[in-house]
Number of protein chains: 2
Amino acid sequence: MVAHSATLAINERLAARRAAGERVVHLGFGEAGLPVLPSVATTLAEAVGRNGYGPVVGSARVRDAAAGHLSRRGLATVGDQMVLAPGSKALLYALVAALPGDVVLPRPSWVSYAAQAAIAGKHAITVPTPRGAGGVPDPDLLDATLRSARMRGREPGVLILTLPDNPTGTIADAETVRRVCEVAEAHDLTVVSDEIYRDLAYDPQRVPSPASYVPERCFVTGGLSKSMALGGWRIGFARFPAGELGTRALDEVTGLASEVWSSLAAPMQEVAAHVLDDPADVTAHIAASRALHERVNKAVHAEFAAVGAVCRPPQAAFYHYPDLEPLRPALARFGITDADSLAGHLLDEHGVGVLSGAVFGDDPRALCFRVATSLLYGETDEQRWQALRSSDPEQLPWIADALAALRTALRSLSASRVVFSSITSSSV
Amino acid sequence: MVAHSATLAINERLAARRAAGERVVHLGFGEAGLPVLPSVATTLAEAVGRNGYGPVVGSARVRDAAAGHLSRRGLATVGDQMVLAPGSKALLYALVAALPGDVVLPRPSWVSYAAQAAIAGKHAITVPTPRGAGGVPDPDLLDATLRSARMRGREPGVLILTLPDNPTGTIADAETVRRVCEVAEAHDLTVVSDEIYRDLAYDPQRVPSPASYVPERCFVTGGLSKSMALGGWRIGFARFPAGELGTRALDEVTGLASEVWSSLAAPMQEVAAHVLDDPADVTAHIAASRALHERVNKAVHAEFAAVGAVCRPPQAAFYHYPDLEPLRPALARFGITDADSLAGHLLDEHGVGVLSGAVFGDDPRALCFRVATSLLYGETDEQRWQALRSSDPEQLPWIADALAALRTALRSLSASRVVFSSITSSSV
């Protein structure tokens, strides 16, 4: 039995609560929460005549555009290396199914990697990430884990990395990526680098790609769901390495695609080609989105930090990953003892939706969860455009209200701490 | 290794020949070959604001529309029974993966069923269809095959039927369907009824659904690729039976969908809702399409019949399935001894693209192939609209030319027969 994806499930649950008139602070879902750029809307509207089946991999036009997009980001690519699909999720699944061996994941990591490995009948081996940033495992722990996995009869084959990372909103540094790639090469692993948040790095120069360290064994995936807020349009791509390994994998993935989803819808291929050409309005829109994400993500992060959460400062996208370990004694009064009871309490008692760290494969006893801040931008496209154009988005009433509601919830959670503070420092 | 879908592969091969300036008679691909209805284009253009992720199963609006669509076709359905996806192919795969047991298929049958079974790690057991029509196995042979499969340790679990049928363009009669459903029930098989060609039956009243015989164990799939010529838009649906078996399967399929393709693209859901409401212009467009398919399919069928092919007269869609067994001696001169060499010769020597019966799981020694007639309607949308509006589409120059080219090819194939005829009956 394949469980319903946890991220999609919480979104549906919160939408139902909201529809029932309850107030929610929706920090549970990784949707970019922004409107469609006009030139993108126009491109789809003009592509309505494209109703024929096309090549499984995508048209030559969109493959070339995707190759150009990656080439301009430091990864020289030709169209023949690219495959388009209805979402990078579908391509990640196909890669996990096609590439030999068990799957090796950072811990925590995006909910669907482990689920996809299970669907493909593979084991998932998880390796903690270093203190600095998530998405890439600690190189020494990776090496040790691979050795012991082999001794236990496992056959680790595919290492998945996330740069920038979901759930932590951080970016591994180049030295860690280089060392992890060295370990992957030594153990003959293929590397899948999920770079769907690349254009949302607050400093885009700071995203190292594993493909520059192990070019012949690295697959890169991306899509338009995050940077362009087109999650509901299902547009993803994958870059296959040049050389025999890449060509073989491309044949396998295309074979699977041809029997499951056929191709990315033809009008959506036109949209992808338009966006991946990086025209000026697209680049400006992504820059404005990135700035908004950074402001609001950091504002929410500050609320968690204020009550004593341990949390790496976000460097990308609209996520961070607090650990409420310092509040464990205060939380115990509410029966909160682990990640699931913490997330459940926040939702049931405060209408605050976050995703338990356990669903990201993290230690379920840790008081960790993912915070996604991008659904705070507004209920209407008008509000969202205002947020995009604002230089002080945290001051917009609907965002300020959500921050205040979150603050109230967090204060009541950490009440004993507040009481303690008020005794020692009555002026706070 | 999953081979590239044969139907998609021949399409890409013929497109490349055509692009190289070679003349082709493209009878190899099951694309409906017609333009987009204006109200459908408008619906997509107006749905450009729909960029959020929605429920995996599809919105309440589109599920209700799909339920209404089936209810109006004699199958009382509520929205909760429906799941939308990027193509019914994806749902067929998910059903094959989710429903327990090996897969039982009519022989011949659509290329992707067996391939999907292989991807899901299942055996495919094939059963010949009766002389009358394809898509549904002979009930007695089915019973015998299931018994012997069980004795050999197989666990047949899922029977796939195609009504109307691809590749034969025929429709099993109600009595055969009733008897096959009885056998399925006796052997505790679930039934998946692929009804994507339902609205293209020349007599729509003549399509019996297995869901009316075994309602609690029958899944029905369909989509807009064929009746609305929207193959490149990837819009499919599945109906799950009411009751525990259906609910469990819906959970499983939704779980898989949530980890592979997430959902049908939101703007495409709007298109599906519009079409599945069966507005008057959609109904009229489908009626005109159906009439065109019938005329041209029967005209091409007549060409094969004229050279002595054995071929069931088509009753639906744009397919028929000739058997050139009567020409075997004449064909041997060209080195044609089986289905693949026949299809290869037609393509290489005459630019006539058909799909070998072997790819449909048929006996590879039989001289059978599928003919798809829907890419003859024109090279441009203008020609296709003309074909749709014509009362004599076979007389349109581009269709008449293709028929003539086909006639020439078939005559040279059957030359010994023609010579023989000219001796015995010089007036022909």
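Residues numbered from 1 in each chain as written. Chains lettered and ligands numbered in written order. Predicted model: local features only at pLDDT ≥ 70, side-chain atom pairs only at ≥ 80, totals over all residues. Heavy atoms only, no water.

### Points about the packing of aromatic side chains
Residues and elements named next belong to chain A.
Thinking step 1. As enumerated under the stated definition, the model contains 16 aromatic pairs over all chains in all.
Thinking step 2. An angle of 85° between the planes, with centres 6.4 Å apart, marks the rings of tyrosine 321 and phenylalanine 360 as edge-to-face. Here phenylalanine 360 lies in the loop between strand S11 (355-356) and strand S12 (369-372) and tyrosine 321 lies in the loop between strand S9 (319-320) and helix H11 (328-332), a separation of 39 residues in the sequence.
Thinking step 3. For tyrosine 321, a relative accessible area of 8% translates into the label buried.
Thinking step 4. What links up through ring pairs into an aromatic cluster is the set Tyr197, Phe318 and Tyr319. (Phe/Tyr/Trp six-rings, centres within 6.5 Å; stacked < 30°, edge-to-face > 60°. Helix = DSSP H or I, 4+ residues; strand = E, 2+ residues; numbered from the N terminus. Buried < 20%, exposed > 50% of the residue type's maximum accessible area, 1.4 Å probe, protein only.)

### So, the sheet that holds strand S8 (residues 236-239) of chain A
Residues and elements named next belong to chain A.
Thinking step 1. In space, the 7 strands of this open sheet follow the order S2-S8-S7-S6-S5-S3-S4, with mixed pairing throughout. The strands lining the two open edges of the sheet, one partner per strand, are strand S2 (82-85) and strand S4 (124-128). Neighbouring strand axes in the sheet, compared pairwise and without regard to direction, differ in orientation by 25° on average.
Thinking step 2. Examined bridge by bridge, strand S6 (residues 190-194) and strand S7 (residues 218-223) share 4 bridges and lie parallel to one another. If you follow serine 193 over to S7, its bridge partner there is valine 220. (Pairing = 2+ DSSP bridges. Axes fitted to C-alpha atoms, helices over the stretch in contact; angles between N-to-C directions.)

### Here we look at the environment of valine 310 of chain A
All names here are of chain A.
Thinking step 1. Checked against the element boundaries, valine 310 lands in the loop between helix H10 (280-306) and S9.
Thinking step 2. A relative accessible area of 47% places valine 310 in the partly exposed class.
Thinking step 3. Between the alpha carbons of valine 310 and aspartate 401 there is a distance of 24 Å; along the sequence they are 91 residues apart.
Thinking step 4. When sequence neighbours within four positions are dropped, the list of residues in contact with valine 310 reads Tyr321, Pro322, Asp323 and Pro326. (Contact = heavy atoms within 4.5 Å.)

### Remarks on the packing of helix H4 (residues 88-98) of chain B against helix H8 (residues 244-260) of chain B
Residue and element names in this part refer to chain B.
Thinking step 1. Packing of H4 against H8 brings their axes to within 9 Å, and their N-to-C directions diverge by 120°. When the interaxial angle is binned, H4 and H8 end up oblique. Crossing of H4 over H8 shows right-handed handedness. Counted together, Leu91, Tyr93, Ala94, Leu95 and Ala98 of H4 and Glu252, Val253 and Leu256 of H8 form the full contact between these two elements.
Thinking step 2. When the residues that make up the contact of H4 with H8 are grouped by side-chain class, the tally is 7 nonpolar, no polar and 1 charged. (Parallel < 35°, antiparallel > 145°, perpendicular 65-115°, else oblique. Left-handed = near helix turned anticlockwise from the far one by under 90°. Nonpolar A, V, L, I, M, F, W, Y, C, P; charged D, E, K, R; others polar.)

### Comments concerning the nonpolar core
Thinking step 1. By size, the foremost hydrophobic cluster in this structure holds 196 residues, and its most contacted members are Trp233 of chain A together with Trp233 of chain B.
Thinking step 2. Looking at this core, the element that brings in the most residues is helix H14 (residues 397-413) of chain B, giving 9 residues.
Thinking step 3. Once residues lying within four places of it in the same chain are set aside, the contact partners of tryptophan 233 of chain B are Val48, Arg50, Asn51, Ala265 and Pro267 of chain A together with Val36, Val40, Leu44, Met268 and Val271 of chain B.
Thinking step 4. Core analysis: the second largest hydrophobic core is formed by 88 residues, Ile160 and Phe360 of chain A together with Val103 and Val192 of chain B among them. (Core = buried A, V, L, I, M, F, W, Y, C linked by side-chain atoms within 4.5 Å.)

### Regarding the sheet that holds strand S4 (residues 124-128) of chain B
All names here are of chain B.
Thinking step 1. The strand order S2-S8-S7-S6-S5-S3-S4 describes an open sheet built from 7 strands, whose pairing is mixed. Only two strands of the sheet have a single partner each, and these edge strands are strand S2 (82-85) and S4. Between one strand axis and the next, the sheet turns by 25° as a mean value, whatever way the strands run.

### Points about helix H7 (residues 174-186) of chain B
All names here are of chain B.
Thinking step 1. For H7, with 13 residues, the first-to-last C-alpha span of 18 Å sits near the 18 Å given by 1.5 Å per residue.
Thinking step 2. For H7, the set of buried residues is Thr176, Val177, Val180, Cys181, Val183 and Ala184. Angular distribution of buried residues about the axis of H7 spans 160°; they occupy a single face of the element.
Thinking step 3. Tucked into the core, H7 has its buried residues touching helix H6 (139-151), strand S5 (156-162) and strand S6 (190-194).
Thinking step 4. N-cap assignment for H7: the residue whose side-chain oxygen lies 3.1 Å from the backbone N of glutamate 175 is aspartate 173.
Thinking step 5. Positive phi appears at aspartate 188, one or two residues downstream of H7, with a value of about 55°. (Expected span 1.5 Å × (residues − 1). Arc of directions from axis to C-beta. Polar contact = N/O pair within 3.5 Å; in protein donor to acceptor, adjacent residues only side chain to side chain.)

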